[in-house]
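# Tertiary structure, described
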Amino acid sequence: MIPLLEIKFKFNTDLLLQELDNNIEQIIEHPTIPIEAKEDFKDFKILKESDNVKLPILNEECERFKDWYKLSGDLDIRPRYYVCETDGKFPMHKDMDTTAAVNHLMTTPVPIIINDKPYRYNTAVIDTQQMHGVDNTGHNRRKLVKLSFFDITYEDLVRKITIVDAGW
């Protein structure tokens, strides 16, 4: 199975970008990057809901996505914003706890490299257990929405999404 599947879901990019930009001062370095890799991931920033940060648009879009694809309410899906700084890099890695993800690029698509192969997409399901990374050299800040899945495999998520997209 290919490690990336472009999908048809239409996120409300304008509202998501506005919410991210309104909260950009709250963006932080990813808290679960191992200390020995912190320097490699210094350009990798995250914004997620917390006691101090409310992200209603991001949460609404996640719910709309779940409804559209008929994903049961008991799945552990966590919506987040990710930013790669101008000329930054996400080194090649496998996600630690995320089993699969849906990424929606809100800026110019910079290819993701998965197992040494580049993939261009706007919105896609990604096998985060494959080696992947991004080189943002020569590009402005890369902004994306990531729906992180923790308890469904990439293959099972692709099957569920493909059923709905096939009927479109």
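Please refer to the structure placed before this passage.
In short, a report on the structure. (Residues numbered from 1 in each chain as written. Predicted model: local features only at pLDDT ≥ 70, side-chain atom pairs only at ≥ 80, totals over all residues. Heavy atoms only, no water.)

### With respect to the packing of aromatic side chains
Test applied: Aromatic pairing here means that ring centres of Phe, Tyr or Trp (its six-membered ring) are within 6.5 Å. Orientation follows from the plane angle: under 30 degrees is stacked, over 60 is edge-to-face, and everything else is tilted. Each helix is a run of H or I in the DSSP string that is no shorter than four residues. Each strand is a run of E no shorter than two, and both are numbered from the N terminus. Relative accessibility under 20% of the residue-type maximum defines a buried residue, over 50% an exposed one, and the middle range a partly exposed one, all with a 1.4 Å probe and only protein chains included.
Summed over all chains, the structure comprises eight aromatic pairs. Relative to tyrosine 69, the ring of phenylalanine 9 lies with its centre 6.1 Å away and its plane at 50°, an arrangement referred to as tilted. Note that phenylalanine 9 is positioned in the loop between strand S1 (4-6) and helix H1 (13-22) and tyrosine 69 in the loop between helix H2 (56-68) and strand S4 (77-84), a separation of 60 residues in sequence. Side by side, phenylalanine 9 and tyrosine 69 carry an identical accessibility label, which is buried. Three or more aromatic residues joined by ring pairs form one cluster here, namely Phe9, Phe11, Phe65, Trp68 and Tyr69.

### Thoughts on the sheet that holds strand S5 (residues 89-93)
How we decide: In this analysis, strands are considered paired if DSSP registers two or more bridges between them. Comment: axis = line fitted to C-alpha atoms, over the contacting stretch for helices; angle = value between 0 and 180 degrees taken between N-to-C directions.
The strand order S5-S10-S7-S8 describes an open sheet built from four strands, whose pairing is antiparallel. Two strands close off the open sheet at either side, each with one partner strand: S5 and strand S8 (117-119). Neighbour-to-neighbour, the strand axes of this sheet turn through a mean angle of 30°, independent of strand direction. The sheet contact formed by S5 and strand S10 (residues 132-135) spans three bridges and is antiparallel. Each residue of the ladder has a partner; that of lysine 89, found in S10, is aspartate 135.

### A closer look at the pairing of strand S3 (residues 44-47)
In S3, alternate side chains face the same way, and those of Phe44 and Ile46 on one face and Lys45 and Leu47 on the other are all buried. Here two bridges tie strand S2 (residues 28-29) to S3, and the two strands are oriented antiparallel to one another. Counted as the bridge partner of glutamate 29 is lysine 45 from S3. Taken together, the four bridges between S3 and S4 define a ladder with antiparallel strand orientation. What sits directly across from leucine 47, in S4, is tyrosine 81.

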